[in-house]
Each structure stands twice: as structure tokens, then as C-alpha cells.
Amino acid sequence: MRIALLGYGKMGKIIERVALERGHSISIKADSKTTTLDFSKTDVAIDFSLPSTAVSNITSSINANVPVISGTTGWLDKYDDIVEHCNRKNGAFLYASNFSLGVNIFFEVNRVLASLIANYPDYKLNIEEIHHTQKLDAPSGTAISLAEDIIKNSNYKNWTLDEDEDDSDAIKIEAKRIVDVPGTHIINYNSEVDAIEIKHTAHNREGFALGAVIAAEWIANKKGVFNMKDVLKINE
Ligand SMILES: NC(=O)c1ccc[n+]([C@@H]2O[C@H](COP(=O)([O-])OP(=O)(O)OC[C@H]3O[C@@H](n4cnc5c(N)ncnc54)[C@H](O)[C@@H]3O)[C@@H](O)[C@H]2O)c1
Ligand SMILES: O=C(O)C1=N[C@H](C(=O)O)CCC1
């Protein structure tokens, strides 16, 4: 498969290596200096760029009839527009806040735990995410996915980054930035008598990159809007 890398930074470079190891070739390596995208020799596009460039990269891929997956976070206010555009163009698009197998299993555990605890209001919840200091967005896309899944499976109504927020319906998310941390997410339910905590720690970026290449292989001949549950078939 000929893969366009829309974003050739920390993730793009690891995805390149994983893709080559799996027998693919790279047709485009786009970065901040790229002015035009020629998709004529591309089978599938992988966008790991910036919150400010993801929408344009995804739209260009769909317009060129190239299936596209995006792992870029921090642009989700435009997600519904992209879905509408993809469906109108009969294209193929997949977004995942986190492509790693481990985190997608963690998402399942989070959903179950949230629904179990929903009937016990003594437990107060908070989410902590820790990432490297170069990260542009907060909270992480993964933390937002975790919070949204908790909201669907509990009485919580929204989430906030404001630690002083006095709204018991809001999940508090704490975003920490520490040098070189690839990505850690902790869900903590605390009561007067005990605490229940689940935690996912990425040791490096390999899992994100492998998941992205697997998703790109999966979407190559499809039409529609997908997510990682479609790819990994966890819990089916
Ligand atoms: N979904 C996941 O599993 C996952 C995992 C890791 C990172 N991410 C996200 O992926 C994104 C990229 O992460 P990173 O660590 O590689 O960041 P990075 O800053 O190392 O790389 C971003 C790259 O995008 C390039 N770029 C700038 N403008 C561009 C444009 N118009 N078109 C294409 N590329 C352009 C930059 O030159 C840079 O090389 C972030 O949003 C991050 O949150 C997601
Ligand atoms: O390094 C990043 O940036 C990461 N971004 C994703 C997120 O925002 O959840 C996934 C983890 C790494």
C-alpha cells in the first residue's frame, strides 16, 4: 500500500518505520513546509499533524477520494462537519483519539467501571492525564474520549479542566505536562473508605503507530465513517 503521511513529526516518523516494516511504501511526507498535496500515487492517508491543520488534511484526502485516518487531537469541534463531508463525498474516514490496542481495551474497562459505579454516589471521580511538554492541546483527546464514555454510562453530564469548578455533574480532568512522557491516563474513584483506580501507561509511541498502520490497512478499500472499535472488534 502507498501511504501518505500528513504530518512527519514524532508520530509520522515512527509510523513511517512501522509501515515500511509491514511492506508498505510512503508516497508523501507532509510537514509545515508542504504547500500542495499530490495524492495521485497514494492509496491511503494517515494524518498526525496539528490541531490547526488536521481538518484541511482530512478534507484534501477525502476530496482526492483517498481513505484517510486521523490521530490528530484538538480539532474535534469540526468532527461533525468532517463526517458530513465524508458521507457527501462517499469517502472513507476514521478518527481515533488513541490508536493503541492497550488504550482501546482500557476504554472498555472504563465504560464497565463507570456503569458499575453509577449507582454509588459516594465515589467521586477524577481523570488525570500526563503528556510531554510539547503537546499543544489539553486535555488529551484520550482523556476526552474517557470522559465522554463515562458521561454515557453514569450520571455525569460534562467535563471540566477547572479544578475549582463547583459542579457535581462535571468530571474534573487534570492535565499535567512532564518532559518526555508519551501518555498516561488515570481514572480515580475516591470515597471516604476506599478508592478504585485504573491506569494506562504508554511506555513509548510504538503502540500508537502500529494501531494507526493497522487502521490504515483496514480502511483502504472501505467507504464510510469508522472508529477503532470497527477495526479491533474488541468485545464482539
Ligand atoms: N491518536 C493517537 O493515537 C495519537 C498518538 C500520538 C499523538 N497523537 C496526536 O497526533 C498529533 C501529532 O503528534 P506528534 O507527536 O507527531 O506531533 P509533532 O509536533 O511531533 O508533529 C506534527 C507534525 O505536523 C507537521 N505539520 C505542520 N503543518 C502541517 C500541515 N499543514 N500538514 C501536514 N503536517 C503538518 C509539523 O511540521 C510536524 O512535523 C497531535 O495532535 C497528537 O496529539 C495522537
Ligand atoms: O503525544 C500526544 O500528543 C498524544 N496524543 C493523544 C491524545 O491527545 O490523547 C494520544 C496520546 C499521545
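Residues numbered from 1 in each chain as written. Chains lettered and ligands numbered in written order. Predicted model: local features only at pLDDT ≥ 70, side-chain atom pairs only at ≥ 80, totals over all residues.

J.: Any details on the site of ligand 2? Residues and values, ideally.
T.: Taken together, T73, S97, N98, H131, K135, S140, G141, T142 and G183 make up the full set of residues adjacent to ligand 2. Across the shell around ligand 2, the residue classes break down as no nonpolar, eight polar and one charged. (Near = placed C-beta within 6 Å. Nonpolar A, V, L, I, M, F, W, Y, C, P; charged D, E, K, R; others polar.)

J.: Report on the sheet that holds strand 3 (residues 44-47), specifying residues and quantitative values.
T.: With parallel pairing, six strands are arranged side by side in an open sheet as 2-1-3-4-5-11. Of all strands in the sheet, those bounded by a partner on one side alone are strand 2 (25-30) and strand 11 (224-226). Each neighbouring strand pair of the sheet contributes to a mean axis angle of 15 degrees, computed without reference to strand direction. In this sheet, strand 4 (residues 68-70) lies alongside strand 3 in parallel orientation, the contact comprising three bridges. The residue of strand 4 that forms the bridge with A45 is V68. Most of the contacts of helix 2 (residues 54-63) go to strand 4, to which it runs at about 165 degrees, and overall it touches strand 1 (2-6), strand 3, strand 4 and strand 5 (92-95). (Pairing = 2+ DSSP bridges. Helix = DSSP H or I, 4+ residues; strand = E, 2+ residues; numbered from the N terminus. Axes fitted to C-alpha atoms, helices over the stretch in contact; angles between N-to-C directions. Contact = placed C-beta atoms within 7 Å.)

J.: Run through the sheet that holds strand 10 (residues 195-201), naming residues and quoting values.
T.: What holds strands together in a sheet is hydrogen bonding between their backbones, with the strands either parallel or antiparallel. In spatial order, the strands read 7-8-6-9-10; together these five strands make up an open sheet with mixed pairing. Both outer strands of the open sheet, strand 7 (158-160) and strand 10, are each paired with one neighbouring strand and no more. Taken over all neighbouring pairs, the strand axes of this sheet differ in orientation by 20 degrees on average, direction set aside. Against the sheet, helix 4 (residues 101-117) engages strand 9 (184-190) and strand 10, with an angle of about 165 degrees to strand 10. Sitting on the sheet, helix 5 (residues 141-152) is in contact with strand 6 (124-131), strand 7, strand 8 (170-177) and strand 9, with an inclination near 165 degrees to strand 6.

J.: I'd like a description of the site of ligand 1, backed by residues and values.
T.: Around ligand 1 sit 25 residues in total, of which G9, K10, M11, D31 and G71 are the nearest. The leading source of residues in the shell around ligand 1 is helix 1 (residues 10-21), at three residues. Here the shell around ligand 1 is built from residues that sort into nine nonpolar, 14 polar and two charged.

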